[in-house]
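Residue-level structure breakdown
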Amino acid sequence: MNNPLADPYLILSKVYLNGKYLKQSIAETQTDPTQRARVIKVCYGVLEKDVYLDWIISKNTEKSPRGGVKLILKIALYMLEFMDKHDYMVVDSAVQLAKKAGKGGTAGFINAFLRGYTMHSLPENVLERLSVQASAPLWLARRMRRTYKDEAMDILSAPSLGQCVRFVKGEEEYLTRDHTDTPFAHTYIFPNFVRDDNFFAGNYTFQSVGSVAICSQIQGSPAGLLLDACAAPGGKSVLLSSKFAHITAQEIHPHRTQLILDYAERMGAGNIEAVTGDATAFNPAYEGLYDAVLCDVPCSGSGVINENPDIKLFRKEADIASLNEVQLKILTNCASYVKSGGMLYYSTCSCLPEENDSIIYAFLESSKGYTPVRGACPLAHRETRYGMQFLPDISLGAGFYICVLKREDA
C-alpha cells in the first residue's frame, strides 16, 4: 500500500520549499489516479489550514522544526485533525516518509510529536485569535477585522462551494448531479466536476461566479468595441464576446496572450483579438477608441483564498502598496482609451478596500470627467461608496469588487 502522505509531500514540497503555485505543482506531479482526489484534498487542506497547523506546532515544540520535517508534521496534523484517519496509520506513515525522504534522524521526534501533541486554548488577543481560527496571516486578519469587524471570521473562513461551470449547451445531462444554482443563466457550482470531451468541444467552461458577476455589469452594444486591459486567461473576454462587435484582449506576457487565444478558439469566440501589451503604458492608437474598457487589475487575491489557498503563503503585506501603485496606473492610463459617453470598469478579486474604493477615490481626485454609476446585480453583495463588493460568505464563495464609471467628456 502506498504511503498516504507521500504524494501530498511531493506536491507540497514544491510549494513550501520551492515557491511554486499549488495548481502548477499538482499539474506537473504524477500521482496514483485512483488516489488523486484524496491527494488534492490533502494538499488544499494543508494550505488552507497552514497558519492553524503552524500554531499547533509552535505550541508543542520549544524550537519549531523547519523545511521538510515541518511539512511532514503539517500533512500528518491535517490528516489527524480534519480527516477520519486512524492515529497509528498517520503516525507510522509520517515516520516512514521521513526515513524515505532522507530525514531518518528526525523519525523519533516526529513519532513523539504526533503521539503526544496537545491542543491549547486559542490566543486571547482578538487579532491573533482571528488569525489562528481563520488560518489567515496576521496582517490579513488585521486588515479584514478593521474593515469588516465581527464578519471578518466568516469572510476569511468561507469555503469554496466547488467548481463553477458556465454552459454554452448540453447542460441538462449534468444537472442531475449535485449542484448549486447561481443567479446567472447556464451557470452552476458543482462540488465535484471532472472535465470531459464536452469541455474541449467548447460546450462549457470553468469560470468563477464572481467573474460572471463582473461581466453581468458590463454594458455592451452590437457595434461596440471593448478593451479587456488585463485579460488572461480570457474568461471575461469570451463571455463578453456576445455583447460586443469586437474585443481587444490585452495581456502583458506573451505566454498568457496565448492562453487567451487558446481559450477563445476553444469556445468559438471569433471576435476576440489577443494582443501583448502593458496596461500601464499609454498606447496612442487606443486613445478615445473604445466604447468600454475593463480593468481587471492585478490584486492581492484576498477574495479568492478559498480557491487558491497558497495566496496565504505567498502574499505579503508589503505587496499591497506596490499593487496599489500598479492598480491606479492601469486605471488612469486606460481611462484615456474610453470615448466620450463610454464606460470604464474597474474590478478586482480582493475584499480589501485599499485595493477597491480607495483606488477609485484616488482616480477621481486626479482624473476629471468620470462619474461612478450604480448598477444592480442578482448575486448578493454590499454597496460601497463607489461600487459593489462581493464577499465569500454571502456571494456563493466569491470575493470580488467592481466599480462602473461613465466618461462624460472627451
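Criteria and cut-off values
- Residues numbered from 1 in each chain as written.
- Predicted model: local features only at pLDDT ≥ 70, side-chain atom pairs only at ≥ 80, totals over all residues.
- Heavy atoms only, no water.
- Salt bridge = Lys/Arg side-chain N within 4 Å of Asp/Glu carboxyl O.
- Buried < 20%, exposed > 50% of the residue type's maximum accessible area, 1.4 Å probe, protein only.
- Pairing = 2+ DSSP bridges.
- Helix = DSSP H or I, 4+ residues; strand = E, 2+ residues; numbered from the N terminus.
- Contact = heavy atoms within 4.5 Å.
- Axes fitted to C-alpha atoms, helices over the stretch in contact; angles between N-to-C directions.
- 1 Å grid on protein atoms, 1.4 Å probe; cavity = no way out; pocket = protein on both sides within 12 Å on 5 of 7 lines; lining within 4 Å.
- Points joined across faces, edges and corners; volume = space filled by probe spheres on them.
- Nonpolar A, V, L, I, M, F, W, Y, C, P; charged D, E, K, R; others polar.
- Arc of directions from axis to C-beta.

Focus: the pattern of salt bridges
- Counted under the stated rule, the structure contains 17 salt bridges.
- A salt bridge links Lys20 to Glu28; the shortest N-O distance between them is 2.7 Å.
- Residue classification places Glu28 among the partly exposed residues on the basis of a relative accessible area of 35%.
- Overlapping salt bridges bring together Arg142, Arg143, Arg146, Glu317 and Glu354 as one network.

Things to note about the sheet that holds strand β3 (residues 187-190)
- Spatially, the four strands line up as an open sheet ordered β2-β3-β1-β4, and their pairing is antiparallel. Strands at the two margins of the open sheet, each flanked by one partner only, are β2 (180-181) and β4 (204-206).
- As defined by bridge partners, strand β1 (residues 163-167) adjoins β3 across four bridges and the pair is classed as antiparallel. Note that in β3 the partner of Cys164 across the bridge is Ile189.
- Contacts from helix α14 (residues 254-267) reach β1 and β4, with the element oriented near 150 degrees to β4.

Remarks on the layout of surface pockets
- Roughly 200 Å³ of internal volume is contained in the second largest pocket.
- Mapped by element, the contributors of at least two residues to the lining of the second largest pocket are β1 and α12 (209-216).
- Counting residues per element, the lining of the second largest pocket draws most heavily on α12, which supplies three residues.
- Residue composition of the lining of the second largest pocket, by class: seven nonpolar, four polar and two charged.

Considerations on the pairing of strand β9 (residues 338-348)
- The buried fraction of β9 amounts to eight of the eleven residues, a majority that puts the element mostly inside the structure.
- Of the pairings in the sheet, the one linking strand β8 (residues 290-296) to β9 comprises six bridges and is parallel in character. Bridged to Ala292 within β9 is Met343.
- Of the pairings in the sheet, the one linking β9 to strand β13 (residues 401-407) comprises six bridges and is antiparallel in character. Counterpart to Tyr345 in the pairing with β13 is Val404.

Quick look at helix α7 (residues 107-116)
- Taken as a whole, α7 has its buried residues at Ala107, Ile110, Phe113 and Leu114. Along the axis of α7, the buried residues cluster in a sector spanning 135 degrees; they form a single face.
- Along its buried surface, α7 packs onto α4 (50-59), α5 (67-82) and α6 (87-100).

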